[in-house]
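As a plain string of letters, each chain reads:
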Amino acid sequence: MTDSPWQLFRYHQGDGSRKDWAYRRLADGAMEIAWGRSGHIGQQQHYRADQRGLIEQRAREKERKGYVPLGQAVLRGRVFEIVSTQRAALQHQPVPEPRPQPRVDLSWIAPGQENLWF
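The text that follows walks through the structure, step by step, so that each part is easy to find. (Residues numbered from 1 in each chain as written. Predicted model: local features only at pLDDT ≥ 70, side-chain atom pairs only at ≥ 80, totals over all residues. Heavy atoms only, no water.)

From N to C terminus, the chain includes 2 helices and 6 strands. Shown N-terminal to C-terminal, the secondary structure of the chain runs as helices and strands in the order β-β-β-β-α-β-β-α. Considering only intrachain contacts with a sequence separation of at least 6, the fraction spanning at least 24 residues in the chain is 36%. Approximately 9,000 Å² of the chain is accessible, and the part contributed by carbon and sulfur atoms is 50%. (Helix = DSSP H or I, 4+ residues; strand = E, 2+ residues; numbered from the N terminus. Contact = heavy atoms within 4.5 Å. Areas by Shrake-Rupley, 256 points an atom, 1.4 Å probe, with all protein chains shown as cover.)

On to the environment of G77, then. Within the secondary structure layout, G77 lies in the loop between β5 (68–76) and β6 (79–84). As for G77 and I41, which are separated by 36 residues in sequence, their C-alpha atoms are 8.6 Å apart.

Turning our eyes to something else, we now look at the side chain of R10. Relative to the helices and strands, R10 resides in strand β1 (residues 6–12). Separated by 2.6 Å, the side chains of R10 and D20 make a polar contact. There is a polar contact of 3.1 Å between the side chain of R10 and the side chain of S38. The contact partners of R10, leaving out residues within four places of it in the chain, are R18, K19, D20, S38, G66, Y67, V68 and L70. (Polar contact = N/O pair within 3.5 Å; in protein donor to acceptor, adjacent residues only side chain to side chain.)

Moving on to the pattern of salt bridges. Counted according to the given criterion, the structure contains 6 salt bridges. Ionic pairing is found between R24 and D3, a salt bridge with its closest N-O pair at 3.9 Å. Of this pair, R24 sits in strand β2 (residues 18–25) while D3 sits in the segment before β1, placing them 21 residues apart in sequence. With a relative accessible area of 18%, R24 lands in the buried category. Note that E56 and R52 form a salt bridge whose closest N and O atoms lie 2.7 Å from each other. Taken as a pair, E56 and R52 lie in helix α1 (residues 52–65) at a separation of 4 residues, close to a single helical turn. Assessed through its relative accessible area of 27%, E56 is described here as partly exposed. Looking at R52, the relative accessible area reads 35%, which means it is partly exposed. Three or more residues are tied together by salt bridges with common partners; here these are D3, R24 and E32. (Salt bridge = Lys/Arg side-chain N within 4 Å of Asp/Glu carboxyl O. Buried < 20%, exposed > 50% of the residue type's maximum accessible area, 1.4 Å probe, protein only.)

Residues F9, W21, Y23, M31, I33, Y47, I55, A59 and Y67 constitute the largest nonpolar core, which totals 9 residues. Within the residue set of this core, elements represented by two or more residues are β2, β3 (31–37) and α1. Aside from chain neighbours lying at most four places away, what touches I33 is W6, W21, A22, Y23, Q43, Q44, Q45, Y47, I55 and R58. Core analysis: the second largest hydrophobic core is formed by 8 residues, A22, I41, A73 and F80 among them. (Core = buried A, V, L, I, M, F, W, Y, C linked by side-chain atoms within 4.5 Å.)

What follows is the structure in structure tokens.
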């Protein structure tokens, strides 16, 4: 039996940076998590096989916080490379049609001066 691939989750921060968090099951049944900024995974931690439920719960918490499941990945050096995507990560929410915005009438500011402001 070999180690399973990593289940990769990514969080996009407001400043444009990204964070990764991932977990996998090891050949002996133990669990491992890894996390850090995308492109440089800085930390890893091992858990006993009987703590699998804790790791799965943590994955659900990450999703609630805004982490997106990207699929299975391998860790090469300090960088995750996706090897297969999850269908859920590829499903996009429908984009709503933009609602027409009411036209703002500024003619009262400068009567007779059409397009003065733009």
